[in-house]
Amino acid sequence: MFEPTAQTGHDLVAGERLFRGHPLHRRVEVELDGLRLHVRPVLPGDTGRIARFVQGLSPTTAYRRFLAPTPRLTARALATLVDVDHHDRETLLALTADGPSSRLIGVGQYVRLTEARAEIALVVGDAWQRRGVGRMLAAQLAQAAAEEGIAELTATVLAENPAPQRLAVGLTAAVEAVHAGTTVDLTIRCPTMATPRQV
Ligand SMILES: CC(C)(COP(=O)(O)OP(=O)(O)OC[C@H]1O[C@@H](n2cnc3c(N)ncnc32)[C@H](O)[C@@H]1OP(=O)(O)O)[C@@H](O)C(=O)NCCC(=O)NCCS
């Protein structure tokens, strides 16, 4: 098992610089629809690739994720995704491979609202949607949240956006949906799941 060095507080895994507190057990490899994907917590060096990923989203996908026209993220919004403590706030990336040459295809985050409740939001690149990536990423995030004592996840989604509602129903039987005009507030109990093979 990798341990950051006492002298530097960081080390390299698969060419990426890791820092103290990086939860290595959340780096997993998943077989999905003939794809071999890597999921890992965000790293400080990911800011640029997340910015490019969001710029590459279709306007509809970006709108559904951020609930406003979002051709690009502000520095502050990027920091919200990248500056995480892996406890009250976690961001997981889905990538086509391990290491710096990998392609980012999905980003999910939870942010704790109260001791046992967090807001979750995720987005999968347009070309990768409807292949199970969103459900897999949501399941990994839910597991990470459960590890940190979070029992409930909430998400506000557009009423005309069926994917997250179906995704939530597929994730757990315990889903509550409260319609509020053009949006729906989803609440799910954190499901536990079998841990996929570690990288
Ligand atoms: C929501 C999102 C993350 C789902 O990711 P995904 O990889 O496409 O989802 P999956 O392939 O895992 O599918 C999950 C479920 O959603 C359904 N689904 C996915 N896209 C759908 C669509 N366009 N229309 C209807 N259902 C859809 C799938 O059929 C599946 O349900 P099922 O198992 O009952 O068939 C992705 O569509 C996305 O990024 N959307 C834009 C951002 C967004 O809406 N985020 C959620 C709010 S924060």
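Residues numbered from 1 in each chain as written. Predicted model: local features only at pLDDT ≥ 70, side-chain atom pairs only at ≥ 80, totals over all residues.

Details of the pairing of strand β6 (residues 104-114)
To keep it simple, the criterion reads: What makes two strands pair is DSSP finding at least two bridges between them. Helix and strand assignments follow DSSP, with helices taken as H or I runs no shorter than four residues and strands as E runs no shorter than two, numbered in order from the N terminus.
Judged from the seven bridges that link them, strand β5 (residues 89-95) and β6 form a sheet pairing that is antiparallel. When the bridges of β6 are listed, E90 appears paired with Y110. Alignment of β6 against strand β7 (residues 117-124), held across eight bridges, turns out to be antiparallel. Directly across from G106, in β7, lies its bridge partner V124. Taking the residues between adjacent antiparallel strands as the criterion, β6 and β7 are bridged by two residues.

Regarding helix α4 (residues 133-147)
This is how it is decided: Expected span of a helix: the number of residues minus one, times 1.5 Å. For the exposure call, what matters is how many other C-beta atoms sit within 10 Å of a residue's own: 20 or more marks it buried, 12 or fewer exposed, and in between partly exposed, using C-beta atoms placed from the backbone.
A rise of 1.5 Å per residue sets the reference length of α4, with its 15 residues, at 21 Å; its end C-alpha atoms lie 21 Å apart and thus fit the reference within 8%. Counting buried positions along α4 yields 12 of 15 residues, so the element is predominantly enclosed. Every buried residue belonging to α4 is among V133, G134, M136, L137, A138, A139, Q140, L141, A142, Q143, A144 and A145, and all of these are buried. One or two positions beyond α4, positive phi appears at G149, with a value near 90 degrees.

Considerations on the nonpolar core
Worth spelling out the cut-off: Core membership is restricted to buried Ala, Val, Leu, Ile, Met, Phe, Trp, Tyr and Cys residues, and these are joined into a nonpolar core through C-beta atoms within 7 Å. Whether two residues are in contact depends on their C-beta atoms, placed from the backbone: they are in contact if these lie within 7 Å.
Grouped together as the largest cluster of nonpolar side chains are 39 residues, with contacts concentrated most on I120, L137, A138, L141, A142, A145 and L153. For this core, the secondary-structure elements that each account for two or more residues are β4 (35-41), β5, β6, β7, α4, β8 (152-158), α5 (162-171) and β10 (183-189). With nine residues, α4 is the largest single contributor of residues to this core. If we ignore the near neighbours within four places in the chain, the residues touching A145 are Y110, A118, I150, L153 and C190.

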